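Listed below are the residues making up each chain.
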Amino acid sequence: MMTDPAPWFGLPVYGHNMVVALLTFVYVFSVPPLMDFLVTNYNLSRDISRKITHICAGSVIVFLPLFIDGDWSQYLNVSVYVVWALLFIQKGLFAADDDQAVKTMTRTGDKRELLRGTFYFVIVGIICGTVYYKEFPGVLAMAVLGWGDGLAPIFGMKLGKMKYKLLCEKTVEGSLAFFLGSMLAGIFFVWLIVPGALDIATIVIIALIATIIEAASPREVDNILIPVAVVLLAAVLS
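These figures come from a predicted structure and were not determined experimentally. (Residues numbered from 1 in each chain as written. Predicted model: local features only at pLDDT ≥ 70, side-chain atom pairs only at ≥ 80, totals over all residues. Heavy atoms only, no water.)

Novice: So what exactly am I meant to see when it comes to the layout of surface pockets here?
Specialist: Remark: the empty space left among the atoms is shown by a probe the size of a water molecule rolled over them. Estimated volume of the largest pocket: approximately 540 Å³. Lining the largest pocket are 24 residues; nearest its centre among them are Pro-153, Met-157, Glu-169, Lys-170 and Arg-219. At the level of secondary structure, the elements contributing two or more residues to the lining of the largest pocket comprise helix 2 (46-58), helix 6 (136-159), strand 2 (169-171), helix 7 (172-193) and helix 9 (222-237). For the lining of the largest pocket, the element with the most residues is helix 6, which contributes five residues. (1 Å grid on protein atoms, 1.4 Å probe; cavity = no way out; pocket = protein on both sides within 12 Å on 5 of 7 lines; lining within 4 Å. Points joined across faces, edges and corners; volume = space filled by probe spheres on them. Helix = DSSP H or I, 4+ residues; strand = E, 2+ residues; numbered from the N terminus.)

Novice: Would you explain the packing of helix 5 (residues 117-130) against helix 9 in this entry?
Specialist: Remark: helix 5 packs on helix 9, axes separated minimally by 8 Å, with the N-to-C direction vectors making an angle of 25°. Classed by the angle they form, the pair helix 5 and helix 9 counts as roughly parallel. Seen from helix 5, the contacting residues are Gly-117, Thr-118, Tyr-120, Phe-121 and Val-124; seen from helix 9, they are Asn-223, Ile-224 and Pro-227. Of the residues assigned to the contact of helix 5 with helix 9, the class counts are five nonpolar, three polar and no charged. (Axes fitted to C-alpha atoms, helices over the stretch in contact; angles between N-to-C directions. Parallel < 35°, antiparallel > 145°, perpendicular 65-115°, else oblique. Contact = heavy atoms within 4.5 Å. Nonpolar A, V, L, I, M, F, W, Y, C, P; charged D, E, K, R; others polar.)

Novice: Explain the packing of aromatic side chains here, please?
Specialist: To describe a pair of aromatic rings, one takes the distance between the centres and the angle between the planes. Under the counting rule described, the total for this entry stands at eight aromatic pairs. A centroid spacing of 5.0 Å and a plane angle of 15° characterise the contact between Phe-29 and Trp-84, whose relative ring orientation is stacked. Within this pair, whereas Phe-29 is found in helix 1 (residues 13-42), its partner Trp-84 is found in helix 3 (residues 79-94), the two being separated by 55 residues in sequence. By the ring-pair criterion, three or more aromatic residues cluster together here, those being Phe-25, Phe-29, Trp-84 and Phe-88. (Phe/Tyr/Trp six-rings, centres within 6.5 Å; stacked < 30°, edge-to-face > 60°.)

Listed below in structure tokens is the structure:
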């Protein structure tokens, strides 16, 4: 395990962790306005903006090393996910069609999409940041879900030519991006957050199996199936 940082500015532990949690809010809430600007002014597609947002949301775990352990406030690392879960419920039921989140986080502009895949994502983030706080399964699950599942459709849409279909249509290029993104992000984030648990061979095997699961998963449900599979595989293999 990495050594915890000293509290900033002489703050108590809970005060330090509150400041780090505030940084996660600044980071996460800066992404939708930026994506909205790009969608509105530079014709960035909804699908691409949605997946960039997806990758950024999964990368919130980059702040985990800044949290000091051993105090209730360590779980403030998921506070931004909790707020987004509540927002997705509110926006999925009541948002206007031109709402920023609807425009940047949905495929079709239907606000009800926010109650499916994106909502499942933040629930997974909450579980990984509490039940699996700074543990190999949780860190790897978020890395795979954020980067693997984020990059796959981007490469599939832009470069995908070799298509195949199991339950829904995928591309070889997208699946390759999923594998490489999962593997590289997994290695990086495990090294950053739980370096003592770094096992490259295990990460490669889990990334490969997760790629197969993603290839066979229907849309929306993959945000549940992928992290569940990663956590179970990590328990078996690590």
